[in-house]
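Here are the chains, one letter per residue:
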Amino acid sequence: MSRFSAFARPTWLDDGVNPDYRFTLANERTFLAWIRTSLALLAAAVAMVQFLPSFRLPGAHTAITLILAADGLLVTALAYKRWAGNEQAMRHDQALPHSPMLALLALSLAVVAGIVVAVILAGGT
Amino acid sequence: MSSDRGLQVQRTTLAWTRTAVASAGLLGLLIRHALVDGGGVEILAAVVAAVATVTILVLGRRRGREIDRRLAGGTTAANASAGRAALLVGAVGVLVVAVTIRALTTSP
């Protein structure tokens, strides 16, 4: 049984102690920044299929597009998890939990950059 | 203290507005894609993106007023609607993945 319901007020919202409002709002703005990152990744994937033809390097176009789209989806899920985890930690005066999101995104974008270099070396489009 | 309060409300409202703008940008691309590619999945993606954009706009404005009110009363609470926003953007993400897979597999 999960306590998660996107349309009901999360029960943990009232657990523990109210943190300083500045921390709560900073956490919220961070969440929204990650959501914007996700939206940008999704937009890049759609732009790839709409505006860019295939590349000479076989499989590169597909790989880049799928990495961007999958990352877009993952970042949103992880962003919510991070936001909720941070808020709960603050309410119970614990250390903020670690999120793999940063490492995931850095790795993915490095891979995309590598593929782009290979695409250019293979002669572009 | 009250000037910091005003600043906090402004920064948070701005963050929501910027998020709505980002969602609108993706919506534009999806609308174009649906017009060009006209499939059921494409149209659904554009519709869900439209719902997400409007929802983010509305949630942002409500949140601004809510924070203002709560800070005036000396408390604040975490945003109970963050989950809803994430779920909608997540739904858009799932549909974008479907749309891109479809575009990649049906290209000539």
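Please refer to the structure placed before this passage.
Before going into details, it helps to say that this report is about the structure given with it.

Conventions we followed
- Residues numbered from 1 in each chain as written.
- Chains lettered and ligands numbered in written order.
- Predicted model: local features only at pLDDT ≥ 70, side-chain atom pairs only at ≥ 80, totals over all residues.
- Heavy atoms only, no water.
- Helix = DSSP H or I, 4+ residues; strand = E, 2+ residues; numbered from the N terminus.
- Rg over C-alpha atoms; globule rule 2.2 N^0.38 Å.
- Buried < 20%, exposed > 50% of the residue type's maximum accessible area, 1.4 Å probe, protein only.
- Core = buried A, V, L, I, M, F, W, Y, C linked by side-chain atoms within 4.5 Å.
- Contact = heavy atoms within 4.5 Å.
- Axes fitted to C-alpha atoms, helices over the stretch in contact; angles between N-to-C directions.
- Parallel < 35°, antiparallel > 145°, perpendicular 65-115°, else oblique.
- Left-handed = near helix turned anticlockwise from the far one by under 90°.
- Nonpolar A, V, L, I, M, F, W, Y, C, P; charged D, E, K, R; others polar.
- Buried area = accessible area lost by both parts, 1.4 Å probe.
- Salt bridge = Lys/Arg side-chain N within 4 Å of Asp/Glu carboxyl O.
- Polar contact = N/O pair within 3.5 Å; in protein donor to acceptor, adjacent residues only side chain to side chain.

1. Focus: the overall build of chain B
Then step 1. Of the regular secondary structure elements, chain B holds three helices and zero strands.
Then step 2. Seen in sequence order, chain B has helices and strands lined up from the N terminus as α-α-α.
Then step 3. Taking 2.2 N^0.38 as the reference for a compact globule, 108 residues should give roughly 13 Å; the C-alpha atoms of chain B span a radius of gyration of 18 Å, well beyond that estimate.
Then step 4. Referenced to the eigenvectors of the C-alpha coordinate spread, the extents of chain B come out at roughly 60 × 20 × 15 Å.
Then step 5. In chain B, which comprises 108 residues, the proportion classed as buried is 47%.

2. Side note on the nonpolar core
Then step 1. Judged by nonpolar contacts, the single largest core of 54 residues is most densely connected at F31(A), I64(A), Y80(A), W83(A), L26(B), L30(B) and V92(B).
Then step 2. If you list the elements that add at least two residues to this core, you get α1 (21-51), α2 (60-91) and α3 (101-121) of chain A together with α1 (2-37), α2 (40-72) and α3 (82-106) of chain B.
Then step 3. Those residues in contact with I64(A) that lie beyond four places of it in its chain are M48(A), F55(A), V112(A), I115(A) and V116(A).
Then step 4. Grouped together as the second largest cluster of nonpolar side chains are five residues, Y21(A), L25(A), V9(B) and L71(B) included.

3. With respect to the packing of α1(A) against α3(A)
Residues and elements named next belong to chain A.
Then step 1. At a minimum axis distance of 13 Å, the contact between α1 and α3 shows a crossing angle of 25°. If you check the angle between α1 and α3, you find them roughly parallel. Where α1 crosses over α3, the handedness of that crossing is left-handed. In contact with W34, T37 and L41 of α1, α3 contributes M101, L102, L105 and L109.
Then step 2. Tallied by class, residues from the contact of α1 with α3 come to six nonpolar, one polar and no charged.

4. Details of the interface of chain A and chain B
By convention, interface size is frequently given as the accessible area that disappears when the constituent parts associate.
Then step 1. Contact with chain A, which involves 38 residues of that partner, is made by 41 residues of chain B.
Then step 2. Here chain A and chain B share an interface that buries about 3,700 Å² over both sides, 74% of which is from carbon and sulfur atoms.
Then step 3. When the buried surface of chain A facing chain B is broken down by residue, Y21(A), R29(A) and R36(A) rank first, second and third, together holding 18% of it.
Then step 4. Where chain A meets chain B, there are one salt bridge.
Then step 5. Connecting chain A to chain B are eight residue pairs in polar contact (both at pLDDT 80 or more).
Then step 6. Going through the elements one at a time, α1 and α2 of chain A are the ones with two or more residues in the side of chain A that touches chain B.
Then step 7. Top contributing element to the side of chain A that touches chain B by residue count: α1(A), with 20 residues.
Then step 8. The class makeup of the residues in the side of chain A that touches chain B is 24 nonpolar, eight polar and six charged.

5. Digging into the packing of α1(A) against α3(B)
Then step 1. Where α1(A) contacts α3(B), the two axes come as close as 10 Å, and the packing angle between them is 15°. As summarised for this structure, α1(A) and α3(B) are arranged roughly parallel, according to the angle between their axes. Crossing handedness for the pair α1(A) and α3(B): left-handed. Of the residues in α3(B), those in contact with F31(A), I35(A), S38(A), L39(A), L42(A), A45(A), V46(A) and V49(A) of α1(A) are A82(B), A86(B), V89(B), G93(B), V96(B), T100(B), A103(B) and L104(B).
Then step 2. Tallied by class, residues from the contact of α1(A) with α3(B) come to 13 nonpolar, three polar and no charged.

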